[in-house]
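Results of the structural survey
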Amino acid sequence: MSLAQKGRWITLVGLVLLAAVYVRALAFTPLERSQGPAQKIYYLHVPAAIWTETAMILIGLAGIFYLFLRDPRLDRFAEASAEVGTVFATIVLTTGPIWGKPIWGTWWTWDARLTSTLLLFFLYLGYLLLRGAVADPGLRARYAAVLGICGMCLVPFIHLSVFLFRTLHPQPIILKPGKPSLPDSMLVTWLLSFGVFTLLYVGFVVQRYALAQRREEQGEIRA
Amino acid sequence: MVAAYIVTAVILLAYAFSLYRRIGKDERGPGRVPGVSSDERSR
Amino acid sequence: MAELLAQAWTVARKDLVLEFRTRTALLSAVVFTALVLAVFEFGRDPTAVSALDLAPSILWVTFTFAAMLALNRAFQLELEHGTLEGLLVAPLHRVSLYWGKLLANLVFVGVVEAIGLPLFVLFFDVPVGPVLLPLVGVIALATAGFVTVGTLFSAMVIRTRFAELMLPVLLLPFLIPPLVLAVLATARLLAARPLSESAGYLRLLAAYDIVFLVVASLLFRHTVDQ
């Protein structure tokens, strides 16, 4: 089985399991006492946010190894992880406001998780733009590694500064951001969802990696 | 709130589909050198 | 180590001499800063919000723009004169090259800020006197944060397409944490809060500077070498 096909299978399994998680989360997981149905967004929102961040950290790590080893496979992985990370960031940034509007009465709020993800989203955009703006593959890989490493180092500072910034603003009354301590059935749902998002990340990255590989090969043939 | 679930699903499916199409397009690929088949290599 | 610093100083001095000989860049940066401050002054409704509430944000928006302007100017210089390419041929440590550029940028922004701060006090009549020293500390730390990363990225974007657009786009996420910390600290200082309340923010700013100074110093050679 080619790499792309393996990726497709993993993604397919992930999507099917996602449907199962949906059913479990919406129909079979109890409502949270104080927050009601709105709380259920955390089953999607939090795993997506975690992977948005992890994908960036992995890009940074790949960058470090690339600068030492100069292995193009590391750069290809970074390219893939960046695109997938952007997709997950989009999920966080769209589901946040959708759920926030009825609760807080406004589309956007400078909640810690949303703001951090917004900054990460700009990081991803910058990363993808940089990759698009450099023609030479070797130079592109090096520049991407530099930006990726800086991005990875930025992540903890984003968290800290956003957390400090957020405490200036009035706290949302109904919902407290952050993972509440969960009773068992909710915890299981959350863990399943996190597992599914992990699977989807892997499946997407494998496919995107295969795509990058294929493009390089075709480039060589044409040249 | 269910809207959020729908939007998430839409985004994931759209991306999965986009990958499917892009990889598929590369498999068929424009103007390849005759005698070199990427299909054989990938199978 | 001493050699690295000496080389860095040579690089910085060359850039600064170029700057201050013509003085147009410095002048336009100062004028721009004064303009931004004036716009803020006339753009706000003094009966609605007190100057003290807005002041930290105004100061930092202004200084962030000033830093961006300085980085852009240095970048334009590179494009016009190809100074970076010329320096690469010289027997210089890459780290010295980065430190030199960083120093030159810091001095430039520093001068602009040194003129901008009194203007700020003049326009907004905020009690800077008693907290001048810590305030200067905050300004120094945050500016160092902007310029450290900015200098690294400047070297990188020169060889990209849409180079002028790339610098602010890449830099934006990196400007936010020091900006937020600076505003928080400045607000506390101007409100005459005890210094201990700002100490945490200052520590984080210092941490940011140290982390990115080290990272940028290590990474710089990858942006210029083949």
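What counts, and where the lines are drawn
Residues numbered from 1 in each chain as written. Chains lettered and ligands numbered in written order. Predicted model: local features only at pLDDT ≥ 70, side-chain atom pairs only at ≥ 80, totals over all residues. Helix = DSSP H or I, 4+ residues; strand = E, 2+ residues; numbered from the N terminus. Buried ≥ 20, exposed ≤ 12 C-beta atoms within 10 Å, placed from the backbone. Contact = placed C-beta atoms within 7 Å. Nonpolar A, V, L, I, M, F, W, Y, C, P; charged D, E, K, R; others polar. Core = buried A, V, L, I, M, F, W, Y, C linked by C-beta atoms within 7 Å. Expected span 1.5 Å × (residues − 1). pLDDT = per-residue confidence, 0-100. Axes fitted to C-alpha atoms, helices over the stretch in contact; angles between N-to-C directions. Parallel < 35°, antiparallel > 145°, perpendicular 65-115°, else oblique. Left-handed = near helix turned anticlockwise from the far one by under 90°. Bend = angle between axes of the 7 residues up to and from the residue.

**Some words on the overall build of chain B**
- If you tally the helices and strands in chain B, you get two helices and zero strands.
- A burial count over chain B gives 19% of its 43 residues as buried.

**Let's talk about the overall build of chain A**
- Looking only at helices and strands, one finds six helices and zero strands in chain A.
- Shown N-terminal to C-terminal, the secondary structure of chain A runs as helices and strands in the order α-α-α-α-α-α.
- Counting across all 223 residues of chain A, residues that qualify as buried make up 46%.
- The long-range fraction of contacts in chain A, counting pairs at least 24 apart against all pairs at least 6 apart in sequence, stands at 82%.

**A closer look at the interface of chain B and chain A**
- Between chain B and chain A, the residue contacts involve 21 residues of the former and 30 residues of the latter.
- For the side of chain B that touches chain A, the secondary structure elements donating two or more residues are α1 (2-28) and α2 (38-42) of chain B.
- If you tally residues by element for the side of chain B that touches chain A, the top one is α1 of chain B, at 13 residues.
- Split by residue class, the side of chain B that touches chain A holds 13 nonpolar, four polar and four charged.

**Brief notes about the interface of chain A and chain C**
- Taken together, the contact pairs 24 residues of chain A with 25 residues of chain C.
- Those elements that provide at least two residues to the side of chain A that touches chain C are α4 (112-133) and α5 (137-166) of chain A.
- At 15 residues, α5 of chain A tops the list of elements feeding residues into the side of chain A that touches chain C.
- For the side of chain A that touches chain C, a count of residues per class yields 21 nonpolar, two polar and one charged.

**As for the environment of Gly63 of chain A**
All names here are of chain A.
- Relative to the helices and strands, Gly63 resides in helix α2 (residues 42-69).
- We classify Gly63 as buried; it has 27 C-beta atoms within 10 Å.
- A sequence separation of 15 residues divides Gly63 from Ala78, and the C-alpha atoms of the two residues are 7.4 Å apart.
- Contact partners of Gly63, with chain neighbours within four places excluded, come to Ala78, Ala144, Ala145, Gly148 and Ile149.

**Remarks on the nonpolar core**
- Core analysis: the largest hydrophobic core is formed by 141 residues, its most contacted members being Phe88 of chain A together with Ala70, Val149, Leu181 and Ala182 of chain C.
- A total of 16 residues in this core trace back to one element, the largest contributor, which is helix α7 (residues 163-190) of chain C.
- Once you skip the residues sitting within four places of it in the chain, Leu181 of chain C turns out to touch Ser161 of chain A together with Ala142, Tyr201, Leu204 and Leu205 of chain C.

**Digging into helix α6 (residues 132-157) of chain C**
- In a regular helix each residue adds 1.5 Å, so 26 residues correspond to 38 Å; α6 of chain C covers 37 Å between its end C-alpha atoms and thus fits that length.
- Within α6 of chain C, 20 of the 26 residues are buried, which leaves it mostly tucked inside the rest of the structure.

**Focus: the environment of Val39 of chain C**
- Position of Val39 of chain C relative to the elements: it lies in helix α2 (residues 24-43).
- Along the backbone, Val39 of chain C and Val121 of chain C are 82 residues apart, and their C-alpha atoms lie at a distance of 15 Å.

**Structural notes on the confidence of the model for chain B**
- Per-residue pLDDT for chain B averages 73, and the proportion of residues at 70 or more is 58%.
- Here the predicted complex scores 0.87 on pTM and 0.90 on ipTM.

**Describing the packing of helix α3 (residues 51-81) of chain C against helix α5 (residues 94-124) of chain C**
Residue and element names in this part refer to chain C.
- Look at α3 against α5: their axes get within 9 Å of each other, and the N-to-C directions meet at 150°. Viewed along their axes, α3 and α5 adopt a mutual orientation that is roughly antiparallel. When the axes of α3 and α5 are compared, the crossing they make is right-handed. Of the residues in α5, those touching α3 at Ala51, Ala55, Ile58, Leu59, Thr62, Phe63, Ala66, Ala67, Ala70, Leu71 and Ala74 are Lys101, Ala104, Asn105, Phe108, Val109, Val112, Glu113, Gly116, Phe120 and Phe124.
- Along the lines of polarity and charge, the residues of the contact of α3 with α5 split into 16 nonpolar, three polar and two charged.

**Some thoughts on the confidence of the model for chain A**
- Taken as a whole, chain A shows an average pLDDT of 85; of its residues, 88% reach a score of 70 or greater.
- Within the model, the stretch residues 169-176 of chain A combines pLDDT values under 50 with eight contacts to residues more than four positions away or in other chains.

**Looking at unusual backbone geometry**
- If you check the backbone angles, Arg70 of chain A has positive phi at about 55° while not being a glycine.
- The partly exposed category is assigned to Arg70 of chain A, around which 13 C-beta atoms lie within 10 Å.
- Look at Asp125 of chain C: it is not a glycine, yet its phi comes out positive at around 50°.
- With respect to the helices and strands, Asp125 of chain C occurs in the loop between α5 and α6.
- The class for Asp125 of chain C is exposed, based on 11 C-beta atoms found within 10 Å.

**Description of the environment of Phe42 of chain C**
All names here are of chain C.
- Topologically, Phe42 is positioned in helix α2.
- Residue classification places Phe42 among the exposed positions, given that 9 C-beta atoms sit within 10 Å.
- Distance from Phe42 to Phe123, taken between C-alpha atoms, is 10.0 Å for residues 81 residues apart in sequence.

**Focus: helix α8 (residues 195-224) of chain C**
- Its 30 residues place the ends of α8 of chain C 42 Å apart at the C-alpha level, agreeing with the 44 Å of an ideal helix rising 1.5 Å per residue.
- For α8 of chain C, the principal kink sits at Leu218 of chain C and spans about 35°.
- Looking at α8 of chain C, one finds that the buried residues are Ser198, Tyr201, Leu204, Leu205, Tyr208, Asp209, Phe212, Ala216, Leu219, Phe220, His222 and Thr223 of chain C.
- Of the surrounding secondary structure, the elements contacted by the buried residues of α8 of chain C are α2 and α5 of chain A together with α5, α6 and α7 of chain C.

**Here we look at the packing of α2 of chain C against α3 of chain C**
All names here are of chain C.
- Between α2 and α3, the least distance of the axes is 10 Å, while the angle of their chain directions is 155°. Regarding the angle of α2 to α3, the classification is roughly antiparallel. When you trace α2 past α3, the crossing you get is right-handed. Residues Ala25, Ala29, Phe32, Thr33, Val36, Leu37 and Phe40 of α2 form the contact with α3, whose own contacting residues are Ile58, Thr62, Phe65, Ala66, Leu69, Ala70 and Arg73.

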